[in-house]
Amino acid sequence: MPITVVPIAGADLGAVVHGADIERLNDDDFAAISDALFRHQVLVFKGQQGLSARAQYLLTKAFDPDTDKYGHGKTIDAKRSILHPDLKTVPHQPQVQIIGHGHIDEFEGLRDFTLRHPHHRTFHRTVVPAEDDLAFTRFYRWHIDSALYDLDTPVVTTLLAVQVPGGRRQTVRYDDGSGDELDVPLGTTAFVSGYKMYELLTEKDKALARETRVEYAPHPYVWMSGARSRPDGLGLETEGLELTEADLPTVDTSKIKVLPMCWKNPVTGALALQVHPSAVRALVGPDGTRDAELGRVRETVHRLQRPGIAPARVYAHDWEEGDLVLFHNRGVLHTVVGAFGDGEVRLFRQCNLAASKGVVGPDDKVCS
């Protein structure tokens, strides 16, 4: 059966792929999937309930055969990292992680464990009132799957829905004075296109984005562990709560990432405005001038990115059990969403691999 690719109607990104045998993927089918991914950024494969962790890993690795390391590597000082509570590792396929919410009796060789779905009240400066918590929610944290220190950004991420709670929807509140809201399925993953984000800029801001580099904090997920997010999940409030360099694990300055604001698509040549807003520490201009005034830096990044997360720009995937979603991690931002009630269980497998090469900027240079 030949592979067919059907774009998701009314969305800036995304397509559903039919006819692919992921467990026994051949070269021709992978070539079709790869081309579709870089054109649509998010691909959905339905009915993948029986997909092995090994096959999920091999699909992920096929996009970067020269790597074999989990995207965040072995996190130094993991207990202080904001990522620490959110995942467990598949013992027999350590590049694949288990994420979700609720108590799990047994899965992938692990027994009697509990997962925690990130909730905005643990990370945002302001929160949805407790009485509204099941009906209303927030975008938790818009991000790129990337260590952003030492390791290079994964090309792709794969997510497999094993168990999905259903039966109700929630309303995302932006709570930023805009009045924006978005109706979403419970436990959705929300995606936005970095290409659309760039396209929405004025010509002046496009030039700014093309010419600016982003300096990320060392050990960013430890650095930001005391800080709190804006209500729209798009970056942090500036309250002086980040850890100082003296409080971080040992910093090797050669491993600090300074990356272009815009990353080039390897198939279409389009530019994506691709910035992890919560991990930014400074901006570097075309003449090398470094702006490290954190409040101003964050306001600039937020101003550029905010139009790209407007309700009409968001694709909120309505998960069904057996959905495998493959997304271009160098062309989209995404976030978990939602607040679960007692007894609502969400179980997923996730895989991304630290890249063997850096990202490509507007000038076609590889930046690592």
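Residues numbered from 1 in each chain as written. Predicted model: local features only at pLDDT ≥ 70, side-chain atom pairs only at ≥ 80, totals over all residues. Heavy atoms only, no water.

Below, the discussion takes up the pairing of strand β2 (residues 15–18). Residues in a regular strand project their side chains so that they alternate between the two faces of the sheet. Only one face of β2 is covered, namely the one carrying Ala15 and Val17; the face carrying Val16 and His18 has none of its residues buried. Relative to β2, strand β1 (residues 4–7) runs antiparallel, the two being bridged by four bridges. Its bridge partner being in β2, Pro7 is matched across the sheet by Ala15. Here β2 pairs with strand β3 (residues 42–45) via three bridges, running parallel. Paired with Val17 across the two strands is Phe45, which belongs to β3. (Buried < 20%, exposed > 50% of the residue type's maximum accessible area, 1.4 Å probe, protein only. Helix = DSSP H or I, 4+ residues; strand = E, 2+ residues; numbered from the N terminus. Pairing = 2+ DSSP bridges.)

As a further point, take the pattern of salt bridges. Under the counting rule described, the total for this entry stands at 28 salt bridges. Between Lys206 and Glu203 there is a salt bridge, with the nearest N and O atoms lying 3.4 Å from each other. Here the residue Lys206 and the residue Glu203 both occupy positions in helix α4 (residues 203–211), the gap between them amounting to three residues, near one helical turn. Here Lys206 falls in the buried class, since its relative accessible area comes to 14%. Through salt bridges with shared partners, one network takes in Asp176, Asp180, Asp232 and Arg306. (Salt bridge = Lys/Arg side-chain N within 4 Å of Asp/Glu carboxyl O.)

What follows deals with the nonpolar core. Core analysis: the biggest nonpolar cluster contains 52 residues, and Phe139, Trp142, Tyr216, Met261, Leu273, Val275 and Val314 have the highest contact counts within it. Per-element accounting of this core gives the leading share, four residues, to helix α6 (residues 294–305). Apart from the residues within four sequence positions on either side, Val314 is in contact with Phe139, Trp142, Tyr174, Leu182, Ala190, Phe191, Val192 and Ile309. If you look at the next biggest cluster of nonpolar residues, it comprises 21 residues, including Ile3, Val17, Leu51 and Leu160. (Core = buried A, V, L, I, M, F, W, Y, C linked by side-chain atoms within 4.5 Å. Contact = heavy atoms within 4.5 Å.)

Within the fold, Lys46 resides in the loop between β3 and α2 (53–62). Here the alpha-carbon distance between Lys46 and Arg111, two residues 65 residues apart in the chain, equals 27 Å. Every residue in contact with Lys46, bar those within four places of it in the chain, is listed here: Val16, Glu320, Gly322 and Asp323. At 3.1 Å, the side chain of Lys46 and the side chain of Glu320 are in polar contact. (Polar contact = N/O pair within 3.5 Å; in protein donor to acceptor, adjacent residues only side chain to side chain.)

A water-sized probe, rolled over the atoms, reveals where empty space remains. Within this structure, the stated rule accounts for four cavities of 30 Å³ or more. Reported here for the largest cavity is a volume of approximately 420 Å³. Around the largest cavity, the lining comprises 28 residues; the ones closest to its centre are Ile99, His143, Asp145, Val336 and Gln350. For the lining of the largest cavity, the secondary structure elements donating two or more residues are β5 (96–107), β8 (156–163), β20 (332–336) and β21 (346–352). Of the residues forming the lining of the largest cavity, the biggest block, four residues, is contributed by β21. Estimated volume of the second largest cavity: approximately 40 Å³. Looking at the second largest cavity, the residues that line it are Arg230, Leu234, Gly235, Leu236, Pro277, Val280, Arg298, Val301 and His302. By residue number, the principal contributor to the lining of the second largest cavity is α6, which donates three residues. Looking at the lining of the second largest cavity, its residues break down into five nonpolar, two polar and two charged. (1 Å grid on protein atoms, 1.4 Å probe; cavity = no way out; pocket = protein on both sides within 12 Å on 5 of 7 lines; lining within 4 Å. Points joined across faces, edges and corners; volume = space filled by probe spheres on them. Nonpolar A, V, L, I, M, F, W, Y, C, P; charged D, E, K, R; others polar.)

Here the focus is the sheet that holds strand β7 (residues 136–137). The sheet built from three strands is open, its strands ordered β7-β9-β10 with mixed pairing. At either end of the open sheet lies a strand with only one pairing partner, and these are β7 and β10 (181–185). Where β7 lies against strand β9 (residues 169–173), two bridges are found, and the strand directions are parallel. Of the residues in β9, the one forming a bridge with Phe136 is Thr171.

Further remarks concern the side chain of Ser278. As for its position among the elements, Ser278 is in the loop between β15 (271–273) and β16 (280–284). When near neighbours in sequence (up to four residues on either side) are disregarded, Ser278 contacts Phe123, Arg141, Trp223, Met224, Gly235 and Leu236.

What follows covers the sheet that holds β16. Taken in spatial order, the four strands make up an open sheet running β13-β12-β16-β17, and their pairing is antiparallel. The open sheet is flanked by β13 (258–260) and β17 (290–291), the only strands paired with a single partner. Both strand β12 (residues 213–216) and β13 contribute to a ladder of three bridges, which runs antiparallel. When the bridges of β13 are listed, Glu215 appears paired with Val258. Packing of α6 onto the sheet brings it into contact with β16 and β17, and relative to β16 it is tilted by some 80°. (Axes fitted to C-alpha atoms, helices over the stretch in contact; angles between N-to-C directions.)

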